[in-house]
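Notes for the structure review
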Amino acid sequence: MSYFAAAVVRDDSGWTAAEVSLRGATDIDEVADRLRDVDQEADVSLLFVEADDAYLVVLRLDEGDDLRVFGSDSAFAEESALGSLLVGDLKTSVTGLDGDEEPRPVSSGDEESEQPVVDPEADPVGDADLLANLGISAQKLLTLCTHEGMMPADVTAEICQVLGCVDEVEELREV
C-alpha cells in the first residue's frame, strides 16, 4: 500500500504544510499525536492521507483537541492495515448532512453521457462536516469524493485551493 500523508496547519501567520510518516502508528490516537507534533500551537490542524490513488482520509484537530475523521470509502478499512487504523472504527454512514440528504451527482455538462458521474460504489464514512467552517460543506466534500474519475490527490487539491494552502501541499508532492 502506497500513501501520501500531508499535514496542513493554520496559526496566526497562515497555513504551513509538512509530510507526516504514519509508519509504525498503532492506533488513531498515535496518528493524531503525529499531527499535533507538526505544530503544537496550531489553531487548526488537518491531515490528508491519500492511499493507492483510491482512498482519502481527512483528520482534523482544533487547537490540538477534538479529533474528527472523514474517509472517502469504508472499503479502505478492509483493504489495508492503514485503512483499518484510520477508518476501521468509523460508522458506516457519514455525518454532517441534514436529514436523509444524499450526495447529489456532479453535472458532467454532457447530458448524453452514459457513464455515471458519481461513483455508486463509494461509501463515505465519518464526519463529512469537518471542513464546513473552512468553506467546504459536507455536501461539497461528499460530491468531490464520490465524483467518478476524481483521484484522492484531486480532492485534496480542491480542498486546499479553497483553504488557500494548495501551493504548500503541492510542494510536498514534488519532493
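Structure shown above.
First things first, this report covers the structure right here in the doc. One numbering rule holds for all chains: residues counted from 1, following each sequence as written. Note on the predicted model: pLDDT of at least 70 is required for a residue's local features to be given, and 80 or more for side-chain atom pairs to be given and counted; whole-chain, interface and lining totals, by contrast, use all residues. Side-chain metrics rest on all non-hydrogen atoms present in the structure, leaving aside hydrogens and water.

1. Looking at unusual backbone geometry
The condition that has to hold: Residue burial is assigned from relative accessible area. The probe radius is 1.4 Å, only protein chains are included, and a residue is buried under 20% of its type maximum, exposed over 50%, and partly exposed in between. Numbering of helices and strands starts at the N terminus; helices are DSSP runs of H or I of at least 4 residues and strands are runs of E of at least 2.
Of note, aspartate 52 is a non-glycine position whose phi angle comes to about 50 degrees, a positive value. With a relative accessible area of 38%, aspartate 52 lands in the partly exposed category. For aspartate 66, which is not glycine, the phi dihedral falls at a positive 60 degrees. Along the chain, aspartate 66 turns up in strand β5 (residues 65-71).

2. Overview of the packing of helix α4 (residues 138-146) against helix α5 (residues 152-163)
What counts here: Here, axes are lines fitted to C-alpha atoms. For helices the fit covers the stretch in contact, and angles between N-to-C directions go from 0 to 180 degrees. Angles are sorted into four bins: roughly parallel if under 35 degrees, roughly antiparallel if over 145, roughly perpendicular if 65 to 115, and oblique for all others. By the definition used in this description, the sense in which the near helix is turned from the far one sets the handedness, with an anticlockwise turn below a right angle giving left-handed and a clockwise turn giving right-handed. Note on contacts: a residue pair is in contact if any heavy atoms of the two residues lie within 4.5 Å. All residues other than Ala, Val, Leu, Ile, Met, Phe, Trp, Tyr, Cys, Pro, Asp, Glu, Lys and Arg, Gly among them, are scored as polar; the first ten of these are nonpolar and the last four charged.
In contact at an axis separation of 9 Å, α4 and α5 are set at 150 degrees when each is read in the N-to-C sense. It follows from the interaxial angle that α4 and α5 lie roughly antiparallel. In the crossing of α4 with α5, the sense of the turn from one axis to the other is right-handed. Across from Leu141, Leu144 and Cys145 in α4, the residues of α5 making contact are Val155, Glu158 and Ile159. By residue class, the composition of the contact of α4 with α5 is five nonpolar, no polar and one charged.

3. Here's the deal with the pairing of β5
For the record, the criterion: Here the rule is simple: two strands pair whenever DSSP picks up at least two bridges between them.
Pairing between strand β4 (residues 55-62) and β5: five bridges, direction antiparallel. Pairing of valine 57 across the sheet is with glycine 71, part of β5. A loop of two residues connects β4 with β5, the two strands running antiparallel in sequence, and glutamate 63 in this loop sits at a positive phi of about 50 degrees. Sheet topology note: the β5/strand β7 (residues 125-127) ladder contains two bridges and is antiparallel. Residue pairing across strands places glycine 71 opposite valine 125, the latter belonging to β7.

4. Re the environment of aspartate 27
Cut-off, in case you're wondering: The term polar contact refers here to a pair of N or O atoms within 3.5 Å; inside protein, the definition further demands a hydrogen-donor-capable atom paired with an acceptor-capable atom, and it admits residues adjacent in sequence only when both atoms are side-chain atoms.
One can find aspartate 27 in the loop between β2 (14-19) and α1 (28-38). Its relative accessible area of 34% is what places aspartate 27 among the partly exposed residues. Distance from aspartate 27 to leucine 85, taken between C-alpha atoms, is 5.7 Å for residues 58 residues apart in sequence. Here glutamate 30 takes part through its backbone nitrogen, which lies 2.8 Å from a polar atom of the side chain of aspartate 27.

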